[in-house]
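Listed below are the residues making up each chain.
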Amino acid sequence: MSQKINDAIMENVENLSKLSLTAQEREKTAKEMEKILSYVEKLNELDTEGEEPLIHILDEGSRFREDEVTNGNGRDEALANAPGVADGQYTVPRTV
Amino acid sequence: MEILKFSALELGQKIKRGEISVKEAAEAYINRTKEKEPEIHAFLSLNDTGLSKRIEEVQEGIRAGKYKSPLAGVPIAVKDNICTKGIKTTCGSKMLENFIPGYDAQVIRKLNDAGMILTGKTNMDEFAMGSTTETSAFGITGNPWNNRYVPGGSSGGSCAAVSAGEIPLALGSDTGGSIRQPAAFCGVTGLKPTYGRVSRYGLIAYASSLDQIGTIGRNVRDCAALFETIAGWDEKDGTSSSGKTERWGSLEGNLKGVRIGLPKEYFGKGLDNHIKEALEQAAELMRESGALVEECSLKMTEYTIPAYYIIACAEASSNLERFDGVKYGYRAKNWENIHDMYRKTRTAGFGEEVKRRILLGSFVLSAGYYDAYYLKALKAKNMIKKEFDRTFEKYDCILAPAAPSSAPMKGTSLQDPLKMYLSDIYTVAVNLAGLPAVSLPCAMGKDGLPVGMQLIGNRFQESKILKAAMEYEKLRGAFKMAWEVKG
């Protein structure tokens, strides 16, 4: 059974994605997504009862290090890429 | 053209002996690049800042014994999703059109430590999402065998550059076949290492559990030597493996007693006949040389693309959240508030294929659908991994096609996304299971386009596939690059 992508689902997914589609794009994308989803639903043929979800392909998994700064202070280089900068900080639209 | 004739390792040796200078080598390739770029468009930017100083420094370093790598002084090109300090890194996206990283990726540090010369950054599908290099925001790359065809993707720029003789070696990245498929389409060799072998620090993420940096060159030994240069544990990448590295560049080819499996699911419906025949011929050559070649079965094959696209899109939707118009990259001009700015920035900054994958990924991770799609795909991934584990108890290598057909014509692939996804059938399983695989040319098709094949190995068994591939190469004979045939 294929998942029907209606307007409400598209609106939610666009919100989550922080993307805006025009009515035309939304209709086209919804159709493509339905087609792709109905294909990937092939996985439902698989009996995955008792199967663990596999996140890390290597037995070592993820390893962590101490949260110490090792790459120096790259503030100026980092800020040089920002679209908006003031007083050595990123600027964003007013939020409060 | 004289310098272009040498393999990367031969060139490195001549530089070491003083027969060719670092400057002569770099100039030969830069001139060739300038000559071919109007036609091929493999590069997004050329590294001209500080290059002559770097060339002098490397020449002196080789003389003084600072640079001992067999690839010291050899030019290299790097895919544009790998961060290069002070050099624009765009990911083929308008979103990062003016992004200049403040640091080098770990692989770039390793290339620098080896004394290699970075000549430029190569074109790619936007954020590595695509199979043709046509989703790049900065123009389409041509296939050096026939410019009306695509080079494959997403590392199409790197593979086309090697094929066209613009560079002897290149780095690419492979999330679902993005090194192996364009290598096959361009008639070059590409190695996708075991997940975790090469640090992803500084590789702009697409799907972090699948992404791996790999090497592209004219032959297996060059790729192995470059792999040796960039591999190894790195504490800056939490998924980097502590597995022991080897002298891959010095391996000797061998096929005697090597057990090779041909998965019957890879040779059935959907595979072009001329590719099937080319692979059967390759299998026969290896059999005559003492390999034990037999049919095997990978029953999970039909589930690999569904699992791959769910996982890859889910991770992409999460990874690409960072492009919000605040810290780097493009920012939309007119907006009402911060959320509006995010949306307008992302809507204008990303191309169609990237948006499609972000939307799909957000859907499979959203409340109510997570279990049915994402979790199900992770369970399928486990079954796929286990099937490979069982297969590699019986076989040293799996011989597989790299793609169901040779390179498609430009402008024919993007209209039907699902159809394009399905063409990844022979490559995505390797990423899901974290396996190493080498893609190398095995024949020329009647259409004048090369045919590639893959040798796939178990995790951390690169030496097995490289040895088999080196021996196969000898049996096959020299495979001419496009630049040698087409000029």
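Read on for an overview of the structure. (Residues numbered from 1 in each chain as written. Chains lettered and ligands numbered in written order. Predicted model: local features only at pLDDT ≥ 70, side-chain atom pairs only at ≥ 80, totals over all residues. Heavy atoms only, no water.)

## What about the overall build of chain A?
- A tally of regular secondary structure across chain A gives three helices and two strands.
- Taken from the N to the C terminus, the helices and strands of chain A come in the order α-α-α-β-β.
- Taken against the 2.2 N^0.38 rule, which gives 12 Å for 96 residues, the C-alpha radius of gyration of chain A at 22 Å runs more than 25% over that of a compact globule.
- For chain A, the C-alpha atoms occupy an extent of roughly 55 × 45 × 25 Å along the three principal directions.
- Surface summary for chain A: the accessible area is close to 6,700 Å², and the carbon and sulfur share equals 47%.
- When the 11 basic and 21 acidic side-chain charges of chain A are each reduced to a single mean position, those positions are 8 Å apart. (Helix = DSSP H or I, 4+ residues; strand = E, 2+ residues; numbered from the N terminus. Rg over C-alpha atoms; globule rule 2.2 N^0.38 Å. Areas by Shrake-Rupley, 256 points an atom, 1.4 Å probe, with all protein chains shown as cover. Lys, Arg positive; Asp, Glu negative; His and termini not counted. Charge placed at Lys NZ, Arg CZ, Asp CG, Glu CD.)

## Some words on the packing of helix 2 (residues 23–40) of chain A against helix 11 (residues 352–365) of chain B
- Put simply, helix 2 of chain A and helix 11 of chain B touch, their axes get as near as 11 Å, and they point 60° apart. In terms of orientation, helix 2 of chain A lies oblique with respect to helix 11 of chain B. Regarding helix 2 of chain A and helix 11 of chain B, the two cross each other, and that crossing is right-handed. Along the contact surface, helix 2 of chain A presents Lys 28, Thr 29, Glu 32, Met 33, Ile 36 and Leu 37 of chain A, while helix 11 of chain B presents Glu 352, Arg 356, Leu 359, Leu 360, Phe 363 and Val 364 of chain B. (Axes fitted to C-alpha atoms, helices over the stretch in contact; angles between N-to-C directions. Parallel < 35°, antiparallel > 145°, perpendicular 65-115°, else oblique. Left-handed = near helix turned anticlockwise from the far one by under 90°. Contact = heavy atoms within 4.5 Å.)

## Observations regarding the interface of chain A and chain B
- Residue-level contacts link 54 residues of chain A with 73 residues of chain B.
- The junction of chain A with chain B conceals about 5,600 Å² of combined surface from both sides, 63% of it contributed by carbon and sulfur atoms.
- Along the contact surface separating chain A from chain B lie seven salt bridges.
- Counting across the chain A and chain B interface gives 28 residue pairs in polar contact (both at pLDDT 80 or more).
- Secondary-structure elements contributing two or more residues to the side of chain A that touches chain B are helix 1 (7–17), helix 2 and helix 3 (75–80) of chain A.
- It is helix 2 of chain A that contributes the most residues to the side of chain A that touches chain B, nine residues altogether.
- Here the side of chain A that touches chain B is built from residues that sort into 24 nonpolar, 15 polar and 15 charged. (Buried area = accessible area lost by both parts, 1.4 Å probe. Salt bridge = Lys/Arg side-chain N within 4 Å of Asp/Glu carboxyl O. Polar contact = N/O pair within 3.5 Å; in protein donor to acceptor, adjacent residues only side chain to side chain. Nonpolar A, V, L, I, M, F, W, Y, C, P; charged D, E, K, R; others polar.)

## Some points on the packing of aromatic side chains
Residues and elements named next belong to chain B.
- The full count for this structure, using the stated rule, is 15 aromatic pairs over all chains.
- A ring pair is formed by Phe 388 and Phe 392, whose centres lie 6.2 Å apart and whose planes are at 20°; its orientation type is stacked. With Phe 388 and Phe 392 both in helix 12 (residues 371–394), this residue pair falls four residues apart, about one helical turn.
- On the accessibility criterion, Phe 388 (3% relative accessible area) is buried.
- The class of Phe 392 is buried, set by a relative accessible area of 9%. (Phe/Tyr/Trp six-rings, centres within 6.5 Å; stacked < 30°, edge-to-face > 60°. Buried < 20%, exposed > 50% of the residue type's maximum accessible area, 1.4 Å probe, protein only.)

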